[in-house]
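The lines below spell out each chain.
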Amino acid sequence: MNSPLSPDQRALEAFPAGIANGEYGLPPEEIVVMEKGQGCRLWSTEGAEFLDMSMGWGSVLVGHANPNVVAAVQAQAPNGSNFAYLNSQSLALAEEIRSISPASERLRFCASGTEATMYCQRLARAFTGREKILKFEGAYHGANEAGVTSLFASGKVNFPTPELTSAGTPAAARQLLVAPYNDIDALRSILSEYKDETAAILMEPLQRCTPPREGYLQAVRAAADEFGVLLIFDEVVTGFRLAYGGAQEYYGVVPDMVAYGKALGGGYPIGAFGGRADIMEMVNEHRIGGDDYVWMASTLGGNPISTAAANAALGVFRSEGTYNRLHGMGQQLREKMGAKLSDRGITGQIIGDGPLAQVVFSSDPVFDYRSTKKGDSEKGRAMMLALFRRRVFLNPMGTKLYLSVAHDDAAIDDLIERFDSALAEIH
Ligand SMILES: Cc1ncc(COP(=O)(O)O)c(C=O)c1O
């Protein structure tokens, strides 16, 4: 198309806030249009090179244009992109996931993390005959009702009352209970009151960038069993990232159901959900017509391009030393960022685990949403925008950073230099 407008002006014409897929909230003058990604770098249509600390919101853990993933996609592309049906790639992928995910006695594919957590919730409701899902304040589970409720909460509403973050989600007020993360007593007291109405606990085992306290996930598992509710792990972020076996392996806790997405797809659209065989059996289409049948169908779920990419990505993750490297880099990143904060006398800390890091401008312990929110969020946004202007690509709606297999010591040093300069600007 021949247009007198620049790419960023065209984007502002085409999309609300100039953004094609949501989030960012960039000031209009900061909008760039990306054209190319390689390893841990991105290039805009204007040829500007960015160090990528978002990596497709963590979906490209394998690195942009990873040669193994590219080869797998190129091999599949001439043989068809979607049959909306069982195929050799999706079968092989399901077998591999089952071998490392004890919760996934059976599984199915969909096309995003949002779908995966939605199906887990629907199954939990159908299986238990109860309506409420308990989530944790500040947790994100995709764009479905549970995902977006009590997300950017005021922190002033009493637990377990949900607070709508998105307009147009009125059912959430009735269907959700909200608890503080990392507080087992609060969870148990909500469950003891609402156990007869609660289908499941839905949680990010590592919530955003906040790790679980020692023994917390084990205690949540025990509470779920004691009060007779299901436990769903949203492993869309933790899956294949904290360990090859995700949070289940890393923390040694097995939920009743699990949702995957992001890193699994090697940068291609994917979602998967697995669970106990008796729960998953509810999507068996031979049950249609009965009241124990749960509708599940996804046009692009398990398509051979995405699952070929996923099989290749998992091959990369399985290679010797991947997780030692990812954890080592994450630790290095958090330590070096923390050192820059203290060198400049700035109150703050770097939280996270594995290849994840988040800046919180507060010195108080961070263990849940409200303690994270105590951090100076205006300073957080100013810092993210200052980094963006220094050509670090990230999502300034939060302060979370993602490393990938394609990052290395030089990339971390590069980031640290730009971080220090960004701190100098905002301080
Ligand atoms: C923990 C978690 N669950 C679910 C999702 C939703 O995944 P998707 O954007 O693929 O629908 C996200 C996305 O950021 C996430 O972080």
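Refer to the structure presented above.
Description of the structure in this document. All values reported here derive from a predicted model rather than from experimental measurement. Once a new chain begins, its residue numbering starts again from 1 and follows that chain's sequence as written. Residues qualify for local features only when their pLDDT is at least 70, as the model is predicted, and side-chain atom pairs are given and counted only at 80 or more; totals for whole chains, interfaces and linings, by contrast, use all residues.

## Examining the site of the ligand
1) Next: Should the C-beta atom of a residue, placed from the backbone, lie within 6 Å of a molecule or strand, that residue is near it. The full set close to the ligand counts 13 residues, and S112, G113, T114, G142 and V236 are the nearest of them.
2) Next: Helix and strand assignments follow DSSP, with helices taken as H or I runs no shorter than four residues and strands as E runs no shorter than two, numbered in order from the N terminus. By residue number, the principal contributor to the shell around the ligand is helix α4 (residues 113-128), which donates three residues.
3) Next: Under this grouping Gly is polar, as are all residues other than the nonpolar Ala, Val, Leu, Ile, Met, Phe, Trp, Tyr, Cys and Pro and the charged Asp, Glu, Lys and Arg. For the shell around the ligand, the class distribution of residues is four nonpolar, seven polar and two charged.

## Thoughts on the nonpolar core
1) Next: Among the nonpolar cores identified, the biggest contains 115 residues, and A124, A200, I201, L230, I232 and M257 are the most heavily contacted of them.
2) Next: What counts as a domain boundary in this text is fixed by an automatic or database domain assignment. Here this core gathers at least three residues from each of two domains, domain 1 (32-65 + 322-426) and domain 2 (67-317).
3) Next: We call two residues in contact whenever the C-beta atoms placed from their backbones are within 7 Å. Apart from residues no more than four positions distant in its own chain, I201 is found in contact with L134, V220, A224, V229, L231 and I232. Defined on buried residues, the nonpolar core groups Ala, Val, Leu, Ile, Met, Phe, Trp, Tyr and Cys residues joined through C-beta atoms within 7 Å. Put plainly, a residue is buried at 20 or more neighbouring C-beta atoms within 10 Å of its own, exposed at 12 or fewer, and partly exposed in between, counting only other residues' C-beta atoms, which are placed from the backbone.

## A word on the sheet that holds strand β12 (residues 356-360)
1) Next: Taken in spatial order, the three strands make up an open sheet running β11-β12-β14, and their pairing is antiparallel. In the strand order of this sheet, the two ends are held by β11 (349-351) and β14 (400-402), each with one partner. Geometrically, the sheet is characterised by an average inter-axis angle of 30° between neighbouring strands, direction not taken into account.
2) Next: Taken together, the three bridges between β12 and β14 define a ladder with antiparallel strand orientation. Across the sheet, the residue bridging to L356 is Y402, located in β14.
3) Next: The strands touched by helix α12 (residues 322-343) within the sheet are β11 and β12, with β12 carrying the most contacts at an inclination of about 20°. Whether two strands pair comes down to DSSP finding at least two bridges between them. The axes are straight lines fitted to the C-alpha atoms, using for helices just the contacting stretch, and the angles between their N-to-C directions are given from 0 to 180°.

## Notes on the sheet that holds strand β1 (residues 34-38)
Strands in a sheet are paired, the pairing made by backbone hydrogen bonds, and the direction either parallel or antiparallel.
1) Next: The four strands are arranged β1-β2-β3-β13 in an open sheet whose pairing can be described as mixed. A strand with exactly one partner marks an edge of an open sheet, and here the two such strands are β1 and β13 (392-393).
2) Next: The pairing of β1 with strand β2 (residues 41-44) spans four bridges and is antiparallel. Within the sheet, the bridge partner assigned to G37 lies in β2 and is L42.

## As for the packing of helix α3 (residues 88-100) against helix α11 (residues 304-318)
1) Next: Relative orientation of the contacting elements α3 and α11 amounts to 40°, with a least axis distance of 8 Å. In terms of their interaxial angle, α3 and α11 are classed as oblique. Between α3 and α11 lies a crossing of left-handed hand. Where α3 approaches α11, its residues Q89, S90, A92, L93 and E96 are matched on the opposing element by P304, T307, A308, A310, N311 and L314. Roughly parallel here means an angle under 35 degrees, roughly antiparallel means over 145, roughly perpendicular means 65 to 115, and every remaining angle is called oblique. Note: crossing handedness is left-handed where the near helix turns anticlockwise from the far helix by less than a right angle, and right-handed where it turns clockwise.

## Observations concerning the environment of V73
1) Next: Note on placement: V73 falls in helix α2 (residues 67-76).
2) Next: With 19 C-beta atoms counted inside 10 Å, the residue V73 sits in the partly exposed group.
3) Next: Residues V73 and P304, 231 residues apart in the sequence, show an inter-C-alpha distance of 8.7 Å.
4) Next: For V73, the contacting residues outside a window of four places in its chain are I305, A308 and A309.

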